[in-house]
Amino acid sequence: MTGSMFDRILRIDVGKRQSSLWTVPDEVRAYLGGLGYGVKILSDEVDPRGDPLSPDNKLLLTVGPLTGTSAPMHAQTCLVTKSPLTGTILNSYAGGFLGPEIKFCGLDGIVVEGAAEEWTLLLIDDETVRFEPAEAIVGKTTEEAEAYLKATYGADYRTMSIGPAGERAVAMAGAFSETRAFGRGGAGAVLGSKRIKAIGVRGSCGVATADPEAFRMLVAETMGVLRSARADEFGLLGIFSKYGTGGGMPLVDGRGALPTKNHTYGSFEGVDRIDGPFYEENLYTRRIACFGCPVHCGRLHRFAGTDGRALWGRGPEYETMFAFGSNLLNGDADALAEANRLAELYGVDSLTTGVTIAWALEMAEAGKLSEPGLDLRFGDADAVLGLLHRICTREGIGDMLARGPREAALELGNDSIGSAMQVKNAGFAAWMPRRMKGTGLAYATSNRGACHKRAPIGAEISGALDMDSYEGKAAVLIEVQNTVNAIFTLVSCRFHEFVTDHDVYPELVAAASGCKVSWDEMAALGERIWNLEKLFNLKAGLTRDDDVLPAKCLEPVLGESSQSAVIEADRFEEMLDEYYSLRGWDAEGIPRDEKLEELGIAAYTLGSRATREAGATEEESG
Amino acid sequence: MGLVVDVGSCTECKRCMIACSLVRSGSVRLGSSRIEIQPDWPELPEIRVCRFEDCEGHPCVGSCPASAIGESDGLILIDAEGCIGCGACEAVCPYDAIRIQEEKALKCDLCGGDPACVVECVTGALRDGEVAE
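Everything numeric in this text was worked out from a predicted model, so none of it was measured.

Each helix and strand counted, chain A has 24 helices and 17 strands in total. Relative to the 2.2 N^0.38 estimate, which gives 25 Å for 622 residues, the radius of gyration of chain A is 23 Å and therefore close to what a compact globule would have. Overall, chain A is about 65 × 60 × 55 Å in size when its C-alpha atoms are taken along their principal axes. Scored against the burial criterion, the 622 residues of chain A give a buried share of 65%. If you take every contact in chain A between residues at least 6 apart in sequence, the share linking residues at least 24 apart comes to 70%. Accessible surface computed for chain A: about 20800 Å², of which carbon and sulfur atoms make up 49%.

The subject of this paragraph is the sheet that holds strand β1 (residues 8–13) of chain A. Hydrogen bonds between backbone atoms are what pair the strands of a sheet, whose relative direction is either parallel or antiparallel. Residues and elements named next belong to chain A. Read from one edge of the open sheet, six strands run β2-β1-β6-β3-β4-β5, paired in mixed fashion. With one partner strand each, in any of the chains shown, β2 (18–23) and β5 (89–94) form the two edges of the open sheet. Shown here is a sheet whose adjacent strand axes are inclined to one another by a mean of 20°, direction ignored. With three bridges connecting them, strand β3 (residues 59–62) and strand β4 (residues 77–82) associate as antiparallel partners. Counterpart to L61 in the pairing with β4 is L79.

Turning our eyes to something else, we now look at the domain arrangement of chain B. All names here are of chain B. According to the domain assignment, chain B contains domain 1 (1–49 + 109–133) and domain 2 (50–107). The centre of domain 1, based on its C-alpha atoms, is set 18 Å off from the matching centre of domain 2. Contact with domain 1, which involves 17 residues of that partner, is made by 16 residues of domain 2. Here domain 1 meets domain 2 over a buried area of about 1300 Å², counting both sides, of which 45% is carbon and sulfur. Here domain 1 and domain 2 share one salt bridge between them. Linking R48 and D96 is a salt bridge whose minimum nitrogen-to-oxygen distance equals 3.8 Å. Of all the secondary structure elements, the ones that give two or more residues to the side of domain 1 that touches domain 2 are β1 (3–5) and β3 (43–48). The element best represented in the side of domain 1 that touches domain 2 is β3, accounting for three residues. A per-class count over the side of domain 1 that touches domain 2 returns six nonpolar, six polar and five charged.

Before going further, it helps to spend a moment on the side chain of R15 of chain B. Tracing the backbone through its elements, the reader meets R15 of chain B in helix α1 (residues 15–25). Take R15 of chain B: its relative accessible area is 2%, and that puts it in the buried class. With residues up to four places along the chain from it excluded, the contact list for R15 of chain B reads S70, A71, P72, V219, M223 and G292 of chain A together with E120 of chain B.

Attention shifts here to the sheet that holds strand β15 (residues 310–314) of chain A. All names here are of chain A. On the basis of which strands lie adjacent, the open sheet formed by three strands has the order β13-β14-β15 and antiparallel pairing. With one partner strand each, in any of the chains shown, β13 (284–288) and β15 form the two edges of the open sheet. Strand-to-strand twist across the sheet, computed as the mean angle between neighbouring axes with direction ignored, equals 20°. Pairing of strand β14 (residues 298–304) with β15 involves five bridges; the strand directions are antiparallel. For R302, the partnering residue across the bridge sits in β15 and is W312.

Moving on, we get to the state of the cysteines. Put plainly, a disulfide is one covalent bond tying together the sulfur atoms of two cysteines. Counted by the stated rule, this structure contains zero disulfides over all chains. Among the cysteines around C290 of chain A, which has no disulfide bond, C293 of chain A carries the closest sulfur, lying 6.2 Å off. When its relative accessible area of 16% is taken as the criterion, C290 of chain A is described as buried. Considering cysteine sulfurs only, C111 of chain B is the nearest to C20 of chain B, which forms no disulfide, with 6.3 Å between them.

Turning next to the interface of chain B and chain A. Tallying the contact residues gives 22 residues for chain B and 34 residues for chain A. Regarding the contact of chain B and chain A, the summed buried area is about 2100 Å², with carbon and sulfur atoms giving 58% of it. Counting the surface chain B buries against chain A, the share from its top three residues, W41, P42 and V122 of chain B, is 33%. At the surface where chain B touches chain A, the tally comes to two salt bridges. Across the pair E12 of chain B and R286 of chain A runs a salt bridge, and its minimum N-O distance is 2.9 Å.

Conventions adopted
- Residues numbered from 1 in each chain as written.
- Chains lettered and ligands numbered in written order.
- Predicted model: local features only at pLDDT ≥ 70, side-chain atom pairs only at ≥ 80, totals over all residues.
- Heavy atoms only, no water.
- Helix = DSSP H or I, 4+ residues; strand = E, 2+ residues; numbered from the N terminus.
- Rg over C-alpha atoms; globule rule 2.2 N^0.38 Å.
- Buried < 20%, exposed > 50% of the residue type's maximum accessible area, 1.4 Å probe, protein only.
- Contact = heavy atoms within 4.5 Å.
- Areas by Shrake-Rupley, 256 points an atom, 1.4 Å probe, with all protein chains shown as cover.
- Pairing = 2+ DSSP bridges.
- Axes fitted to C-alpha atoms, helices over the stretch in contact; angles between N-to-C directions.
- Domains from an automatic or database assignment.
- Buried area = accessible area lost by both parts, 1.4 Å probe.
- Salt bridge = Lys/Arg side-chain N within 4 Å of Asp/Glu carboxyl O.
- Nonpolar A, V, L, I, M, F, W, Y, C, P; charged D, E, K, R; others polar.
- Disulfide = S-S within 2.5 Å.

Shown next, in the form of structure tokens:
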């Protein structure tokens, strides 16, 4: 019986210019794929205390048992590495076509380690790797790197590339894969540290399934559900299908939860000039889907640049509409599109970059920060674009901002840290924790910093859960975190789970790969992975003090619809205590040995506190 | 009988190619698909597939030195046994819909009249010719 998993991972050492095929051992196979493989392998092979930009860090691209099959909404690739932005273990995702192409190479993943001496292109054809020179495109944009690779080596390569920001180790540099991006966490800087300018992947293998007839029936059923969902104009997938991910922006604004002016307000008067419906009517030109996806939330658009030129770009997505829009008081869709385009060409995550710019503008308006040649004010497109250029080239004030919002604030000092809207140096996503207490807890406890992918956003924004209440949120959040980690072992799109009965996942997995697993086992795996990530972060030196929201969250949100919402420090701490306790962790957020035994990962324990402290002292004196 | 192609509705999801390759090879292997979506961002993609009745003059038929292409049950089809793999049809096809693989010309045969790709297309970029008329 041939299933959808190849049990082969390609290992590439760019320093030694060598590659080898690695047969996935049973203890790794138990993690199903995707995020599970990434977290397990990184935990086993990378020192959590190591420098993320050193050759010792590894970067993993992993896919799962449904990738490259006909199952819709399994186009994404999971990227795992140690993040230079947060210092934590990172998982970041890009849709498009890269993941299926990795599968078409007959692989379940790629592990990149070492560092090249010269700038390099990695070309992967099935299990063969070529190391080609990249001098010709050093300093060039993500788009130019992609075009060069395709023109020189073949248009049928699926690619990922970095821009000048990744080359210069900007902490929020992303890796860009054609129309999609690995945005969160600075993976572009990790690739840059390895002097990998771009990767091309081209496969010739077919992806089969263990039980083709059962799989065909399940896919037909799933497609039926998705067809209904995309046609439902009031459902989220219907809205994304029709307007892109920015289609929900008016709803968030109406609930007073749209971060505006660096999270000072919860609604933006210019929202209807930058949201999904506005773009759909005025700028979007095309709907673009990931591999095999009927929802097609992606968009291409045309816009007028500030210099009058006619330009085009991908997206923008909802998170960018907030990060370069409402949060900067920017109600100009063209200026927003230009910032989005610049971020894409330079190769930075629009989200944390936008959050960093918002902080800088607030500091400038408070008289704490200035930059020659720029009038740093909210709502000023030139200020936004100017800061974006400086961050990506690390010129002037940009060098400080390029380290991320927390690090920039620590450098500036002067009571500025409380206004840096971040957790673990990763920017807040487009949802206000003061208005959505469970989402606040999600930001604080996320293993990758201020993450919205594993938050009870749907329940809070829809009103199914009282958004302002702290009650019961810890338990709800834990279930969401475990569930999302479970589906990320399949590298399912986050949106897929909105309309999918959880029991469908094990059925799809069994028919595709032949692997028998129940949903309860998958959810337990999600919890195991969450704990492994947490342990990695604790070993990296993070503590309870890193699970904290910035001080600005203790002040009321301004604007009528936000109802003066605040985070009450003592209530929040109680909620965090409850969260740790329900997780089976001690008051410092350290997983108890009983919990690790229950999850089958006792070997990863931090040991007793005394042992840890002795170890730390030894480390310092040694 | 044929395919109605509306390129303006195509989102490049490639479900058509996935479905076609499953019919051809039993696995998802896009290279075996008889329809190809070729992106050209930010422009519309090219949809490379036989247009059957909508193709004016069927230049492939006349180009074939082995007379291996002809109409059968209302469909323009290639007779694999007769095909000598010369590539003449590939060269004249106005839709880039024919490929030579292992010395045989390959193109869409509309799955004999019940195309697997059409079922998968949610946006209506591909529709059944008869339904549309």
